[in-house]
Amino acid sequence: MNTRAFITGVSGPELSADEREFIRSERPWGFILFKRNVETPGQVITLIAELRREIGEPDAPVLIDQEGGRVQRLSPPHWPPYPAGAVFGVLYDVDPALGLSAARLSARLIAADLIDLGVTVDCLPLADVPVAGADAVIGNRAYGTEPGKVAAIARAVTEGLEQGGILPVLKHIPGHGRATADTHIRLPVVDTPRADLERTDFAAFQPLADLPMAMTAHVVFSALDPAHPATTSATIIEQVIRGVIGFHGLLMSDDVSMNALAGSIAERTRAIFAAGCDMVLHCNGKLDEMREVAAETPELSGKALERARWALASRRAPQAFDRLAARAELVALIDRARTAGA
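What you see is a predicted model; the values in this text were computed from it and never measured. (Residues numbered from 1 in each chain as written. Predicted model: local features only at pLDDT ≥ 70, side-chain atom pairs only at ≥ 80, totals over all residues. Heavy atoms only, no water.)

### Focus: the overall build of the protein chain
When helices and strands are tallied, the protein chain shows twelve helices and 13 strands. The C-alpha radius of gyration computed for the protein chain amounts to 19 Å, which stays within 12% of the reference 20 Å derived for 342 residues, consistent with globular compactness. Across the protein chain, contacts joining residues at least 24 apart in sequence account for 77% of those joining residues at least 6 apart. Computed over 34 positive and 43 negative side-chain charges, the inter-centroid distance for the protein chain is 2 Å. (Helix = DSSP H or I, 4+ residues; strand = E, 2+ residues; numbered from the N terminus. Rg over C-alpha atoms; globule rule 2.2 N^0.38 Å. Contact = heavy atoms within 4.5 Å. Lys, Arg positive; Asp, Glu negative; His and termini not counted. Charge placed at Lys NZ, Arg CZ, Asp CG, Glu CD.)

### Examining helix H4 (residues 96–117)
An ideal rise of 1.5 Å per residue puts 32 Å on 22 residues; H4 measures up with 32 Å between its terminal C-alpha atoms. Measuring from the side-chain oxygen of the N-cap residue of H4 to the backbone nitrogen of Ala97 gives 3.0 Å; that N-cap residue is Asp95. The positive-phi residue at the C-terminal boundary of H4 is Gly118, with phi of around 105 degrees. (Expected span 1.5 Å × (residues − 1). Polar contact = N/O pair within 3.5 Å; in protein donor to acceptor, adjacent residues only side chain to side chain.)

### With respect to the environment of Arg336
By the element assignment, Arg336 lies in helix H12 (residues 323–340). For Arg336, a relative accessible area of 45% gives the class partly exposed. The spacing of Arg336 and Val90 is 246 residues in sequence and 9.6 Å in space, taken between C-alpha atoms. (Buried < 20%, exposed > 50% of the residue type's maximum accessible area, 1.4 Å probe, protein only.)

### Details of the environment of Phe205
Relative to the assigned elements, Phe205 resides in helix H7 (residues 201–205). Taking the C-alpha atoms as reference points, Phe205 and Ala234, 29 residues apart in sequence, are found 18 Å from one another. The residues touching Phe205, leaving out its near neighbours within four places in the chain, are Ala127, Asp128, Leu170, Lys171, His172, Ile173, Pro174, Gly175 and Ile245.

### Let's talk about the sheet that holds strand E12 (residues 250–255)
Pairing between sheet strands relies on hydrogen bonds along the backbone, with the strands arranged either parallel or antiparallel. Ordered in space as E7-E6-E3-E2-E1-E13-E12-E10-E8, the nine strands form an open sheet in which the pairing is parallel. Each edge of the sheet is formed by a strand with only one pairing partner; in this case those strands are strand E7 (167–168) and strand E8 (170–173). The pairing of strand E2 (residues 28–33) with strand E3 (residues 62–64) spans three bridges and is parallel. Paired with Leu33 across the strands is Ile64, a residue of E3. With respect to the sheet, helix H1 (residues 17–26) is in contact with strand E1 (4–8) and E2, its orientation differing from that of E1 by roughly 155 degrees. Sheet strands in contact with helix H2 (residues 41–55) are E2 and E3, and its direction is about 165 degrees off that of E2. (Pairing = 2+ DSSP bridges. Axes fitted to C-alpha atoms, helices over the stretch in contact; angles between N-to-C directions.)

### Considering the side chain of Arg27
In this structure, Arg27 sits in the loop between H1 and E2. Taking relative accessible area as the criterion, Arg27 reaches 9% and is therefore assigned buried. A distance of 2.5 Å separates the side chain of Arg27 from the backbone oxygen of Ile55, its partner in a polar contact.

### Observations concerning the packing of aromatic side chains
Enumeration over the complete set of coordinates arrives at two aromatic pairs. Judged by centre distance (6.1 Å) and plane angle (65 degrees), the rings of Phe6 and Phe22 are edge-to-face. Here Phe6 is found in strand E1, whereas its partner Phe22 is found in helix H1, with 16 residues between them in sequence. Ring centres of Phe202 and Phe221 lie 6.2 Å apart, and the angle between their planes is 70 degrees; on these two criteria the pair is classed as edge-to-face. Residue Phe202 is found in helix H7, and its partner Phe221 is found in strand E11 (residues 220–221); the two are separated by 19 residues along the sequence. Both residues of the pair, Phe202 and Phe221, belong to the buried class. Between the NZ or CZ atom of Arg108 and the centre of the ring of Phe321, over which it lies, the distance is 3.9 Å. (Phe/Tyr/Trp six-rings, centres within 6.5 Å; stacked < 30°, edge-to-face > 60°. Lys NZ or Arg CZ within 6 Å of the ring centre and 35° of its normal.)

### Some points on the side chain of Arg268
Topologically, Arg268 is positioned in helix H9 (residues 265–275). Look at Arg268: it is buried, it has no salt bridge, and the nearest opposite charge is Glu289 at 6.6 Å. When neighbours within four sequence positions are excluded, Arg268 is seen to be in contact with Val256, Ser257, Met258, Leu261, Ala262 and Gly263. (Salt bridge = Lys/Arg side-chain N within 4 Å of Asp/Glu carboxyl O.)

### Observations concerning the pattern of salt bridges
This structure, assessed with the given rule, holds 23 salt bridges. Taking the shortest distance from any N to any O, the salt bridge between Glu26 and Arg4 comes out at 2.8 Å. Of this pair, Glu26 sits in helix H1 while Arg4 sits in strand E1; the two residues are 22 residues apart in sequence, bridging distant segments of the chain. Looking at Glu26, the relative accessible area reads 22%, which means it is partly exposed. Taking the shortest distance from any N to any O, the salt bridge between Arg20 and Glu50 comes out at 3.4 Å. Note that Arg20 is positioned in helix H1 and Glu50 in helix H2, a separation of 30 residues in sequence. When its relative accessible area of 17% is taken as the criterion, Glu50 is described as buried.

Any functional reading would require information that these geometric values do not contain.
Structure (structure tokens):
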């Protein structure tokens, strides 16, 4: 059966009757979970099973933002805390091999937590390169301020997720590090010249262009398109994301309900598809908005369908893994990072 080119959240830890009917009738490609959807491991397993049952797709992708640090939807007491991305950057500066090992290990442990629940996609890694004066929305989520280092750590995170059977989503392409506003609140405008963007922001994404999925940035790059954020800019998607960066995987928007985007939810959805995104992401679980998104979303077809199929087909079976030994090793590495000043 065909699905529609959007990913949706739901309102709470259980599905309402209206949500069940919406999922059955509108057939989203996938789902995304947030803290409001999470209580206990058993409850999450049940919720995910119900989401897939309602759509009739036992392998429908289920996404989550499980980075570590302050962006961690699964948290104590049922799930362990994980370090923020900056910790790996500090370790990398002490010894690149240690930094990469810690990043890979943390992601592998996160993958083990997710696969236990039935989650199959993590919105990670970040390749954003923050600069002085930028909004703290990225902050210590970033792996560093040098593109090569950021790309190397992002690759290690990707490897850890993939070894655990979890698909990665590269974000926030083509870069959120210079944004001077939180896109949840308002639209940031970056006036940096194109040459500088290509040397720094875009350069961090280029070595990761082979990843199966990526999420856009709701950021205006005035040197490229002064009128539209990357998410709704055909120029940026074609020339930069698909061109300069060379990303050819499944491209999804960041959350269509964020205040950085202008217009109604329906207008935003149309603009996202018109710009060349393959998939719209809607996160807040508000059913009236979900219906607006669905009404403007086509069936998944053409190149978008090919990319979606390729992305899902790239997921591997989890490799054998000693979770207790890996967690002890990660703790030792984090202690070393703290000693180094993380």
